[in-house]
Amino acid sequence: MTAKKKKIVLAGAVSSASSAGAEFDHACAEAMKALRELGFDVALISANPTAASTDIDAPGPVYFEAVSPENLAAALEREKATALLPVFGGGAAVNAATAPAALKAMKKLGVSLMGVSETSRAASVDRRKFLKLMKIAGVEVPPGAVVSSIEEAEAAALEIGFPAALRPLMSEGGAGNSTAYNMEDLEGQAASALKSSAAGTILVEKLLRGWKEIEIVLLRDANGNAATVAMIENIDPAGIHSGDSASVIPAQTLTLGATRRLKKSAEAVARALDAVGVVNVRFALEPASGDIKLIYAVPRYTRSSAFAARATGYPVARVAAKLVCGLTLDEITEPEFGSGNAFREPEPDYCATRLPRFDFEKFPGADDTLDTAMKSTGGAMGTGRTFKESLLKAMRALETSRPKPPDASTEAGKETLRGLLSRPNPARLFHIFDALAAGMRVEEIRSLTLIDGWFVSQFAEIAEISARAGKYRIETAPASLLKQAKLAGLGDEDIARLLETEETELRRLRKKQGTTAGAGAMDASGAARARYAAFESTDAAPKGDRGKKIIILGGGPNRIGQGIEFDYCCVHAAYAIKEAGYTAILINSNPETVSTDFDTSDRLYFEPLTFEDVMNIIDREKPHGVIVQLGGQTPLNLATKLLRAGAPILGTSPDNIDRAEDRKRFKETLDKLNLTQPDNDTAGTVEEAVRKARQIGYPLLVRPSYVLGGRAMRVVYEEADLREYMAKAVSASPDKPVLLDRFLDDAIEVDVDAVADGERCLVCGVMEHIEQAGVHSGDSACCLPPYTLNEAIVEEIKGATRAMARELGVVGLMNVQFAVKNDVIYVLEVNPRASRTVPFVSKATGTPWAKVATRVMLGESLEKQGVAEESVPEHMSVKEAVFPFSRFPGVDATLGPEMLSTGEVMGIDRDFGMAFLKSQIAAGQKLPDKGAVFVSVKNSDKRAIVPIARKLIDMGFEIVATEGTASTLRRNGIEARSVHKLDQGRPNVLDVVKNKEVVMLINTPAGKDTKVDEAKIRSAAIARDIPLVTTISGAQATVQGMEAFRERGFTVAPLQEYHKKNLAASNARKSAAHKAPAKKIAAKKTMAKKSKK
Amino acid sequence: MKGRLIFEDGTAFEAEAFGSHGDRAGVAVAFAGGAGFQEAATTPSYLGRILVFERPTVGACGADEAWNESDRVCAEGVVCRELSKSVSDGGGPMAFGRFCESRQLLGLEGAPTREIAAHIRSRGEQWALLTTEESSLKSHLARLALLKTQTSANPDKYRVSGEALLASWRPAGGGATAVVLDIGAGASFYRLLKRHNIFWRAFGPRMSAEEILSIRPDAALVSNGAYPADSLPGTVATIKSLLGRVPVAGIGLGAALVASALGASPSEMKSGHHGVNIPVANVATGALRITEQNHSVALRAEDLRRRGGETLYVNTIDGSVEGFVHRRKMAAGAFFEPDGLETIQELTGGLPL
């Protein structure tokens, strides 16, 4: 090895509007581990509090800051680092690290850039250089041109012909990517693509319609040795972003010749780019001619790298990190390789299919056509012996309900179906089954979807088995057919439906017939702890487990409302179980997680989180306990069914979970405790809802029961709204009633996380929301500790929390949401499970609460653990949500009770204003320092806006307002220029926004009538990256942050420094019992560097 | 139709038969690779073997006569988890199952191949019977013993070459001439010679050294093959008398024969290197490469060193010798293909090829 002792700063994921980031969490976690192993000091910069890599007990300092060139420079200086490593934090991290400002600072500090070769950096911005390199590599690229204006883009498109793929150079997660089918498309798309490019240039390229896409994930060392970790074959044809494509490992349909050529070409590309580490090379292959063309080459960790790593068991990130340090492939050993080294090409004897998870239903009005810009929020991996089995398991693992098929008995219905097949959309694979059921031939489906006929045939084979099973009833179904159906991957639930029986009945029968699941090891890379269940005789049950076996159910695919924050909890549970001397077994289907890392658990099952698949593992492993409360709503929803099937559920009993989730029973509990709830009721029909709404009074918060992330949650202001909502909601979940709550206007919402052991309850953290009540807690910014609530109220909230924990017999974690209005505390909701704020609270308070909760579930009381009540931190931590609006042009960007955010960032500092500002910057808001601010607020906010506007004026901003708001301001002596509303003539608000005459918008949504106008304004602002604040409290916080920044600039400090005393305490805890809260320590800040923003 | 794979040790697996019927006997080997099933089944070095494909689904890309490595099916049988019914876009003109039928290649599908491969790895490669006949285990084993004896009594059964698949060809001027001791070369071996503009004359294993030298070749090449390693003492003797008089290079089994001629004692591996992902390292330069291999020969570096040989490539997983050279005697061997030939040039610092 050639590297000297270094201090390496890793640039983590930039929180962007895409939900990319989960894969970078595990990449950074593994890279840090690997670098530490080599003896380097490491530090990480990432503002993502949900990540496991940004934990307080990370192998090095963690900076909760935006990954910007300025902050990178500040962290490098503060850490006295010798190198910066950005290739595990995604494209944006690489862009930040290679931005001129960063490079300049690095030169000054004598810091080297790791993992990015000079050649690949030059090639990423200079197309001519890139083409020259590819020519040397002997690799062809599709016809195309790099342009830097709309006119040039038009000329290029004319030259190469439509459809044309537009790709901004140096962008993240396919942001700004699009496909133009005509000149009109092109104009708009070229403009937005130009905007997304950090380099200000876009690539206009011929779209290779109907070609296959193959991605090769390879590792290359400094000596030029390369090994292919996986060949990923896309089921979808070329033209869809790799993150949004259904894909499979290993490639299924290639000839030996094509396989050899693709591998050789990929190696040649990596060599030409002089890439060291992990390289993802994507080719298009024309089936008829066998021609291959390079689509792209990315020399850094990506979502595909994560899929390759998880599918093959090859620790891609860890090995890549060591390669970057100069080790060669044969010098690297990892436990996954058994006795050998990293130089190997996994040849799986199983199949892993990854399907993307989409949440389009959260964004009404968004076009769900898939193209070259990524729109998925995550993905699920299904593993089986054959493609069919892995496909069906991946479909189950997505945890989405199957879309309703169009009525194919009519010609119009068939036409609709054809449209759904020819237009790439999230449900397309499901519709292939619909088409087959409607009698459509494989060949027709192939020509509509452009999906390889072999894949379509696999669907047809599944459909054929289903059709055969459908001819029987449970009493008559032959055992051989059931076995065949199970071998093909059909779920018990599917088969039961075909046989018109219950899932449990079917399960009982097939078990009696001896059709039970075995398990195979995912050992393509050597030794592996990951396994998958399969219905054929496979490996013997593992031996030599330590102590009791505990199963943890993970959170499944990342989606809005359930992301890696729950994975963080599962990871900590696994650590705690192992520390307690037990065997930790994890079940998860999400390849983009730390929980699926090799050494997180003792054994990992890549399985869907459904009743059947989980029970298959429970039957096989016979665990001492099963933990359901850490993976979010998915495992919690299984609790009762698992318990009934005899699974030993640890922690809060499923009956008590039901007591908290069932409205009626919860009301009884609160009455007993003398706690207040907003007036509420439930209704099963429209008329019942209308009647009850009149009793409660408007506005009303309405939602279906048993939901996470506020699915289908709305605030309704009048009866007509309610009727409309009920018509939709009741069809959404027919067997569950709709909940009606009095909506508390202008209340302050408070989130509390607590842990209890059945006797004692400790409050982990109290978070005050910055947005007013009515904004989903996952979407609203919050501050820990509370920044406006008085101590008495906070104490009362804590008291109420403890009382509820005791009453509900909570063992483990609990989350309570309160609203405070006129000093009255209302209980909005109790969730007896880990909440999405657990990682944030753990990082803000410096205590690993998920671990504490796990030990409680294992039977160790809080007292025995010596954990203290939350000592209120002296610093302020602000959590802010990150939204994917820019991915969905034209969608209304208003926050409400339905959760829409796809990620989180955290700002931490000594005072609220600065912590808030940091969180805003990390969330991608570029707060202005001069210019005009547009203000338009609803009547109830008019009084509150006055001091805010005054502060803005004091800071030198100009105010532009709609007439109503402007006159209020003028009456209070604030100068404001008024601008027309949309219906008042031109130029109007929209013109002002579109012309970028304003630098920030404060726009609080008024009633229903102005809704459409406001939606247009907000969309226009988002499309132009103009900061937008939609609540009055948000506006207050923003202004406070801007003031703080003006006063004292910007400093960075690692999380561990804020928690010196907690860390000391946790170390001391091992020897001594409880330690009194340490004395105040001044947060040491050695440098004050101004951020340019 | 049901079919069974019955190992010499009495372990039996039942599945669905396809392609043909009756019974076949051969050494069962586990093949790791995601493509190249037809190539493996037709390559002479798999002659007499029963191929157990570790990749669950076999034949997704169909079959194409152009992919054959020889003019016949060489494997005795194939065993897979799933036989693909359909063919991918851009695949061959017929389904793999149809190909098997047309060539009377007996196969099993729906077999627990992961378990079978594990059995081969733990017990070592052994003879097995692939059969569609209904009979007792005892009589199956007796039949297996009989077939095994018959085959062993007729080693010339292994003399199949892929050379016939190549159209007649004359090298462009200036190319080297090689004599090929063809003990079972696949067509791609000769395609490679063609690509290097090497003119060849191919002979069977019984060719004498004097006859070979009379051609005045630039080199003698010993191909891969399917013979049991110890069944060609005559060929080893021939190679021995060629040593030092003309450069000699062997590939696969051919490399084992060259090693024997040098005085080393290659042995049979418990389970060999069969697949497309075998990692090797050049011990001199540190260069690593993933290779395709098909052999069961274990050669120890120490043994080779004592005979004056130099190990240049080792397997990075089990440490066995994968490439060697004996500079004084102008001999070299590599256990991987199809780039073995290039490797030989590299090993010898350029045989006059």
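In this text the structure is predicted, and so the values were computed from the model without any measurement.

Another aspect to go through is the overall build of chain B. When helices and strands are tallied, chain B shows ten helices and 19 strands. Compactness check: chain B gives a C-alpha radius of gyration of 20 Å against a globular reference of 20 Å for 353 residues, within 12% of the reference. Once the C-alpha set of chain B is aligned to its principal axes, its extents read approximately 55 × 40 × 40 Å. Taking all 353 residues of chain B together, the buried fraction comes to 58%.

Once that is clear, we can look at the interface of chain A and chain B. On the side of chain B, 34 residues touch chain A, which itself brings 38 residues to the contact. Of all elements in the fold, only α9 (256–272) and α16 (453–469) of chain A reach the threshold of two or more residues within the side of chain A that touches chain B. Among the elements that take part in the side of chain A that touches chain B, α16 of chain A stands out by supplying four residues, more than any other. Here the residues of the side of chain A that touches chain B sort into 13 nonpolar, 16 polar and nine charged.

Right, let's get into the sheet that holds strand β10 (residues 177–181) of chain B. All names here are of chain B. With mixed pairing, ten strands are arranged side by side in an open sheet as β11-β10-β12-β13-β18-β17-β16-β14-β15-β19. Two strands in the sheet have a free side with no partner beyond their single neighbour: β11 (199–203) and β19 (336–337). In the sheet, β10 pairs with strand β12 (residues 219–222) via four bridges, with the strands oriented parallel. By the bridge assignment, V180 is partnered in β12 with L221.

Residues and elements named next belong to chain B. Note on placement: G184 falls in the loop between β10 and α5 (187–195). We classify G184 as buried; it has 26 C-beta atoms within 10 Å. For the pair G184 and A226, spaced 42 residues apart in the sequence, the C-alpha separation amounts to 6.4 Å. Contacts of G184, omitting those with residues within four sequence positions, involve P44, S45, L47, Y158, V160, S161, S223, N224, G225 and A226.

Residues L84 of chain A together with L51 and V52 of chain B are the most contacted members of the largest nonpolar core, which totals 480 residues. At eleven residues, helix α20 (residues 564–579) of chain A tops the list of elements feeding residues into this core. When residues are assigned to domains, this core turns out to be shared by domain 1 (2–153) and domain 2 (168–347) of chain B, each giving three or more. If sequence neighbours within four positions are ignored, L84 of chain A has contacts with V9, A11, L72, L76, A97, M106, V111, L113 and M114 of chain A.

Let's shift gears to the pairing of strand β13 (residues 277–285) of chain A. Residue and element names in this part refer to chain A. Taking burial as the measure, the nine residues of β13 include nine buried ones, the bulk of the element. Alignment of strand β10 (residues 212–220) against β13, held across nine bridges, turns out to be antiparallel. Paired with L219 across the strands is V278, a residue of β13. Both β13 and strand β14 (residues 292–298) contribute to a ladder of six bridges, which runs antiparallel. Within β14, the residue paired with A284 across the bridge is K293. The hairpin turn running from β13 into β14, its antiparallel successor, is six residues long, and G290 in that turn takes a positive phi close to 80°.

What follows covers the pairing of strand β2 (residues 12–18) of chain B. Residues and elements named next belong to chain B. Strand direction decides the pairing type here: strand β1 (residues 2–7) and β2, joined by five bridges, are antiparallel. The residue of β2 that forms the bridge with R4 is E14. The loop that links β1 with its antiparallel partner β2 comprises four residues; one of these, G10, has a positive phi angle of about 95°. Examined bridge by bridge, β2 and strand β8 (residues 106–109) share three bridges and lie antiparallel to one another. Bridging from a neighbouring strand, E16 pairs with E109 of β8.

Right, let's talk about the environment of A527 of chain A for a bit. Residues and elements named next belong to chain A. In this structure, A527 sits in the loop between β17 (518–521) and β18 (530–534). Since 15 C-beta atoms lie within 10 Å of it, A527 is described here as partly exposed. Spatially, the C-alpha atom of A527 lies 5.5 Å from that of F337, the residues being 190 residues apart in sequence.

All names here are of chain B. According to the domain assignment, chain B contains domain 1 (2–153) and domain 2 (168–347). The C-alpha-based centres of domain 1 and domain 2 are spaced at 27 Å. Across the boundary between the two partners, domain 1 contributes 19 residues, which contact 19 residues of domain 2. Among the secondary structure elements, those contributing two or more residues to the side of domain 1 that touches domain 2 are β3 (23–31) and α3 (113–123). For the side of domain 1 that touches domain 2, the element with the highest residue contribution is β3, accounting for three residues. Its residues placed into classes, the side of domain 1 that touches domain 2 shows eight nonpolar, eight polar and three charged.

Our focus in this paragraph is α5 of chain B. Side chains three or four residues apart in an α-helix point the same way, a direct result of the helix having 3.6 residues per turn. All names here are of chain B. Of all the residues in α5, the buried ones are A187, F189, Y190 and L193. Angular distribution of buried residues about the axis of α5 spans 160°; they occupy a single face of the element. The secondary structure elements touched by the buried residues of α5 are β10, β11 and β19. N197, located one to two residues past α5, shows a positive phi value of around 60°.

Residue and element names in this part refer to chain A. Compared with the 24 Å implied by 1.5 Å per residue over 17 residues, the 24 Å span of α9 between its first and last C-alpha is a close match. For α9, the complete set of buried residues consists of A258, T259, L262, K263, S265, A266, E267, V269, A270 and A272. Packing partners of the buried residues in α9 comprise α6 (127–137), β10, β11 (226–234), β13 and β14. Where α9 terminates, the next one or two residues include D274, which has phi positive at roughly 55°.

So, on to the confidence of the model for chain A. Of all residues in chain A, 93% attain a pLDDT of 70 or more, and the chain-wide mean is 88. Note on residues 1070–1093 of chain A: pLDDT is under 50 here. Beyond four places in sequence and across chains, it has 40 contacts.

Quick notes on the rules
Starting afresh in each chain, residues are numbered from 1 along the sequence in its written order. As they are written, the chains are lettered A onward and the ligands numbered 1 onward, keeping that order. Local features in a predicted model are, by the rule used here, given only for residues with pLDDT of at least 70; side-chain atom pairs are given and counted only at 80 or more, and totals for whole chains, interfaces and linings are based on all residues. Helix and strand assignments follow DSSP, with helices taken as H or I runs no shorter than four residues and strands as E runs no shorter than two, numbered in order from the N terminus. The globule rule used here is 2.2 Å times the number of residues to the 0.38 power, and the radius of gyration it is set against is calculated over C-alpha atoms. Comment: burial labels come from other C-beta atoms within 10 Å of the residue's own C-beta, placed from the backbone, where a count of 20 or more is buried, 12 or fewer is exposed, and between is partly exposed. Note on contacts: each residue gets a C-beta atom placed from the backbone, and two residues are in contact if those atoms are within 7 Å. Think of it as three bins: nonpolar holds Ala, Val, Leu, Ile, Met, Phe, Trp, Tyr, Cys and Pro, charged holds Asp, Glu, Lys and Arg, and polar takes everything else, Gly as well. One bridge is not enough; two strands pair if DSSP finds at least two bridges between them. Residues of type Ala, Val, Leu, Ile, Met, Phe, Trp, Tyr and Cys that are buried and joined through C-beta atoms within 7 Å form what is called a nonpolar core. Here the bounds of each domain stem from an automatic or database domain assignment. It is the directions from the helix axis to the C-beta atoms that the arc portrays. The span one expects for a helix is its residue count, reduced by one, times 1.5 Å. Per residue, pLDDT captures the predictor's confidence, and it can take any value from 0 to 100.

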